Amino acid sequence: VICATGSVVFAKEKDKLTQITGWGYLLSRGGSGYDIGRDALLAALEDDEGIGEHTLLTALVGEMLDGPGKSCVSQIYRWFLRHLKCRMRLLPEF
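Residues numbered from 1 in each chain as written. Predicted model: local features only at pLDDT ≥ 70, side-chain atom pairs only at ≥ 80, totals over all residues. Heavy atoms only, no water.

With respect to the pairing of strand E3 (residues 16-21)
Relative to E3, strand E2 (residues 7-13) runs antiparallel, the two being bridged by six bridges. Counted as the bridge partner of Ala11 is Thr18 from E3. Counting the residues that bridge the hairpin from E2 to E3 gives two residues, and of these Lys14 lies at a positive phi of roughly 55°. (Pairing = 2+ DSSP bridges. Helix = DSSP H or I, 4+ residues; strand = E, 2+ residues; numbered from the N terminus.)

Written out as structure tokens, the structure is:
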């Protein structure tokens, strides 16, 4: 198991090596730093919208993006789109 900003698992049985996940931060799930960060932002969004459980992450994310005591929904969405679009432009053309 290798876990950092991404994650990948290798399994070896006899002479066969199998890779599980490791498709990069946009496609892989399961414990990568990006996955954990995205889940934290989603939890804050759902709390802020009143559709998720209350979490301390909402206040922390709101302070990071907006300043103390402000709603974080619109700021998280804009921030995420800005960063996602930037990363998507780096994908090779098919």
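Digging into the nonpolar core
Generally speaking, a soluble globular protein has its nonpolar side chains buried in company with each other. Counting five residues, the largest nonpolar core consists of Leu41, Ala44, Leu45, Val61 and Ile76. It is helix H1 (residues 33-49) that contributes the most residues to this core, three residues altogether. Discounting chain neighbours no more than four positions away, the residues touching Leu41 are Val61, Ile76, Trp79 and Phe80. (Core = buried A, V, L, I, M, F, W, Y, C linked by side-chain atoms within 4.5 Å. Buried < 20%, exposed > 50% of the residue type's maximum accessible area, 1.4 Å probe, protein only. Contact = heavy atoms within 4.5 Å.)

Overview of a nonpolar patch on the surface
Together, Ile2, Phe10 and Leu17 make up an exposed nonpolar region whose accessible area comes to about 320 Å². Mapping Leu17 onto the fold places it in strand E3. Here Leu17 falls in the exposed class, since its relative accessible area comes to 59%. (Patch = residues over 30% accessible without salt bridge, like charges linked within 9 Å, V, L, I, M, F, W, Y side chains within 5 Å. Areas by Shrake-Rupley, 256 points an atom, 1.4 Å probe, with all protein chains shown as cover. Salt bridge = Lys/Arg side-chain N within 4 Å of Asp/Glu carboxyl O.)

Some details on the sheet that holds strand E1 (residues 2-3)
Spatial strand order, E1-E2-E3: three strands in an open sheet with antiparallel pairing. Edge positions in the sheet fall to E1 and E3, since each of these pairs with one other strand and no more.

Structural notes on the packing of H1 against helix H2 (residues 57-65)
At a minimum axis distance of 8 Å, the contact between H1 and H2 shows a crossing angle of 100°. With respect to H2, the element H1 is oriented roughly perpendicular. In contact with Ala40, Leu41, Ala43, Ala44, Asp47 and Asp48 of H1, H2 contributes Leu57, Thr58 and Val61. Broken down by class, the residue content of the contact of H1 with H2 amounts to six nonpolar, one polar and two charged. (Axes fitted to C-alpha atoms, helices over the stretch in contact; angles between N-to-C directions. Parallel < 35°, antiparallel > 145°, perpendicular 65-115°, else oblique. Nonpolar A, V, L, I, M, F, W, Y, C, P; charged D, E, K, R; others polar.)

Considerations on unusual backbone geometry
Look at Lys14: it is not a glycine, yet its phi comes out positive at around 55°. On the basis of relative accessible area, Lys14 is assigned to the exposed category, the value being 75%. Phi at Thr21 is positive, roughly 65°, even though this residue is not glycine. Among the secondary structure elements, Thr21 is positioned in strand E3.

So yeah, pure geometry; function would need other evidence.
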